[in-house]
Amino acid sequence: TLRARHEFDTMGASASFREILATTSLVWALRVMPAVFEKMGIRFLFPDNWTLDESEMLEGNNTVSVYSPGGAFWSVTLHPPGVDPAQLVATAVAAMRQIYDALDEEPADERFAGREMVGREMNFYCLDLTNTAIARSFGTPDGTYLVFCQADDRELEQVAPVFEAITRSLATQ
């Protein structure tokens, strides 16, 4: 919260309304996330009105997900150290392409917590709704992480700051 607050405070008069709104939404999202996941050597915060799904983790798949009340979801999967983050993202895109023929994609790389994250943003139709999915991955000496989030575009505007806040809260141990 302090980092987001600092970013907001230092934007100055040159900041666009969209930048201020995005940072304000991030500050808000960080304040309303009192639930904590802390297993598998990772820790992240998430809203307490979202549902935690540990079923894949319990089956040995090193994946945990959280779902919004509206159906959007954020998940993280832990892979062994040395796995190529770009390959994980490419595999996620290929899997989505098998399901959704008219999948559009574009780069979504970003720097987060001092780490370079490779990523792709995907847009597609499902049940006559436009949807957005974002796959990002980064490596550490302890493992390679794939973060995947998805929402229909009606809900995306509300949950995008929450997705960002969850991702920013992700810490590896």
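Our subject is the structure that appears above.
Analysis parameters
- Residues numbered from 1 in each chain as written.
- Predicted model: local features only at pLDDT ≥ 70, side-chain atom pairs only at ≥ 80, totals over all residues.
- Heavy atoms only, no water.
- Helix = DSSP H or I, 4+ residues; strand = E, 2+ residues; numbered from the N terminus.
- Buried < 20%, exposed > 50% of the residue type's maximum accessible area, 1.4 Å probe, protein only.
- Contact = heavy atoms within 4.5 Å.
- Pairing = 2+ DSSP bridges.

Considering the overall build of the protein
- Counting its secondary structure elements, the protein contains 5 helices and 11 strands.
- Looking at the 173 residues of the protein, the share that counts as buried comes to 43%.

Some words on the environment of Ala171
- Turning to its location among the elements, Ala171 is positioned in strand β11 (residues 171-172).
- Spatially, the C-alpha atom of Ala171 lies 5.2 Å from that of Arg43, the residues being 128 residues apart in sequence.
- For Ala171, the residues in contact, after removing those within four places along its chain, are Gly41, Ile42 and Arg43.

Re the pairing of strand β9 (residues 129-140)
- The buried fraction of β9 is high, at 9 of 12 residues.
- Turn length for the strand β8 (residues 115-126)-β9 hairpin, with the two strands adjacent in sequence and antiparallel, is 2 residues, and the turn residue Leu127 shows positive phi of about 55 degrees.
- Bridge analysis of β9 against strand β10 (residues 143-152) gives 10 bridges, and the strand direction is antiparallel. Within β10, the residue paired with Thr132 across the bridge is Ala151.
- Turn length for the β9-β10 hairpin, with the two strands adjacent in sequence and antiparallel, is 2 residues.

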